[in-house]
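What follows is each chain in one-letter form.
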Amino acid sequence: MKATIIINPSSGKEQALEYVKKAEDILSEQGYHVTVNETAKELDATQFCTDACKECHDLVVSIGGDGTLHETINGLMDQDHRPKLAIIPLGTVNDFARALQIPLNPDQAIETLRSSHVKNVDMGKLNDQLFANVIAAGSLAEALSSVPSEDKSKLGAFAYFRDGMKELMSNSASPLKIEHDGEIWEGEAPLFLAALTNSVGGFESMVPDAEVDDGLLHCFIMTNLNMFNTLTAGLSLLLGNLKDHKDVIYFTAKHVKVSSTDPVKTNVDGEEGPPLPVDLRIIPGHIRVVVPEEL
């Protein structure tokens, strides 16, 4: 059996390399011949994963944050052979790992490599790329994309919260047109969000009904978030009923198109994405992820 480890050495407050040896040892014990690939630039993880598919590896291990994971899964797209995927989360938020109940403690997550349990997990497709967790569009998404890497390392999830609150209180919005499964919504909104899992931005109660294999995009349109409404929406988020907030439109869909008459950026799995328009689709059960035995 063959396994590829893809590691981002700058993630996990630059402690990622400390975990490689332990992961290698566990995989070797299980009979894997292990190849370690260290990323140095953008899209390295995608290329390493594509190579593993072409060489018919049995397992790909992503060691890093949501950005590394996003690049890795894109290496699985349109491949005749797709290895199983294992995740050692070392990022700021690690939403995908949270949704799959993979431990956020790296040492505990590495022990998951011993698991024989595999779960078929949905992927989203945005234009010509895959995403694992969330797409956001609007002025708030732009603010989150611009959070400096140094702030992410120092402040963790609070860096996103700080910059997001600043943007919401500025009360800026973008004209959006959202088409979903035969329906159309048009209006001003600071944020459109489509999630595949229950965890968004580290808030595991944001989309409590979402399952990693339910075949649905869970979508939110934030319509009027002034300072007071921002506070009440935050409370709704913490209570797990954001979709019932009076200034939030919630729907599920399998196909969504989002466009704007203004230049509007997107945020894809926590990283800057392409500008609108975008076409979103769900790909049911597209990847097999190694999960803890108890799942």
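Whatever comes next refers back to the structure up there.
Here's what I pulled together on the structure shown here. This one's a predicted model, so the numbers in the text were calculated from it and none came from an experiment.

## Regarding the overall build of the protein
So, step 1. Of regular secondary structure, the protein possesses nine helices and 16 strands.
So, step 2. Every one of the 295 residues in the protein was classed for burial, and the buried ones make up 54%.
So, step 3. For the protein, the share of sequence-separated contacts (at least 6 apart) that also reach a separation of at least 24 residues comes to 73%.
So, step 4. By element, 50% of the accessible surface of the protein is carried by carbon and sulfur atoms, the whole surface being about 13,000 Å².

## Some remarks on the pairing of strand β1 (residues 2-7)
So, step 1. For β1, the tally of buried residues reaches five of six residues, placing the bulk of the element in the interior.
So, step 2. Bridge count for β1 against strand β2 (residues 33-38) is six bridges, and the pairing is parallel. Opposite Ile 6, over in β2, you have Asn 37 as the bridge partner.
So, step 3. As defined by bridge partners, β1 adjoins strand β3 (residues 59-64) across five bridges and the pair is classed as parallel. By the bridge assignment for β3, Ile 7 is matched with Ile 63.

## Remarks on helix α3 (residues 66-74)
So, step 1. Burial analysis of α3 places nine of its nine residues in the buried class, the great majority of the element.
So, step 2. Those residues of α3 that fall on the buried side of the exposure criterion are Asp 66, Gly 67, Thr 68, Leu 69, His 70, Glu 71, Thr 72, Ile 73 and Asn 74.

## Digging into the side chain of Asn 133
So, step 1. Positionally, Asn 133 belongs in the loop between β6 (129-131) and β7 (134-137).
So, step 2. A relative accessible area of 4% places Asn 133 in the buried class.

## What to know about the packing of helix α2 (residues 44-54) against α3
So, step 1. Taken N-terminus to C-terminus, the directions of α2 and α3 make an angle of 40°; their axes are 7 Å apart at the nearest point. Between α2 and α3 the crossing geometry is right-handed. Across from Asp 44, Ala 45, Thr 46 and Cys 49 in α2, the residues of α3 making contact are Thr 68, Glu 71, Thr 72 and Asn 74.

## Remarks on the side chain of Ser 115
So, step 1. Tracing the chain through its elements places Ser 115 in the loop between α5 (106-111) and β5 (118-126).
So, step 2. Residue Ser 115 is classed as buried on the basis of its relative accessible area, which comes to 12%.
So, step 3. A distance of 3.0 Å separates a polar side-chain atom of Ser 115 from the backbone nitrogen of His 117.
So, step 4. Excluding its chain neighbours within four sequence positions, the residues that come into contact with Ser 115 are Val 290, Val 291, Pro 292 and Glu 293.

## With respect to the pattern of salt bridges
So, step 1. Applying the stated criterion to the full structure yields nine salt bridges.
So, step 2. Lys 21 is the salt-bridge partner of Asp 25, the closest N and O atoms lying 3.0 Å from each other. In this pair, Asp 25 and Lys 21 both sit in helix α1 (residues 16-29), four residues apart, roughly one turn of the helix.
So, step 3. On the basis of relative accessible area, Asp 25 is assigned to the partly exposed category, the value being 34%.
So, step 4. Here Asp 107 and Lys 22 are joined by a salt bridge, their closest N and O atoms 3.7 Å apart.

## What about the nonpolar core?
So, step 1. Core analysis: the biggest nonpolar cluster contains 47 residues, and Phe 96 and Val 289 have the highest contact counts within it.
So, step 2. Take this core: its biggest share by element is six residues, from α1.
So, step 3. Among the nonpolar cores identified, the runner-up in size contains 24 residues, and Ile 135, Leu 176, Val 258 and Val 278 belong to it.

## A word on the environment of Pro 263
So, step 1. Mapped onto the elements of the fold, Pro 263 is located in the loop between β13 (255-259) and β14 (266-268).
So, step 2. Residues Pro 263 and Ser 174, 89 residues apart in the sequence, show an inter-C-alpha distance of 8.9 Å.

Definitions and cut-offs
Residues numbered from 1 in each chain as written. Predicted model: local features only at pLDDT ≥ 70, side-chain atom pairs only at ≥ 80, totals over all residues. Heavy atoms only, no water. Helix = DSSP H or I, 4+ residues; strand = E, 2+ residues; numbered from the N terminus. Buried < 20%, exposed > 50% of the residue type's maximum accessible area, 1.4 Å probe, protein only. Contact = heavy atoms within 4.5 Å. Areas by Shrake-Rupley, 256 points an atom, 1.4 Å probe, with all protein chains shown as cover. Pairing = 2+ DSSP bridges. Axes fitted to C-alpha atoms, helices over the stretch in contact; angles between N-to-C directions. Left-handed = near helix turned anticlockwise from the far one by under 90°. Polar contact = N/O pair within 3.5 Å; in protein donor to acceptor, adjacent residues only side chain to side chain. Salt bridge = Lys/Arg side-chain N within 4 Å of Asp/Glu carboxyl O. Core = buried A, V, L, I, M, F, W, Y, C linked by side-chain atoms within 4.5 Å.

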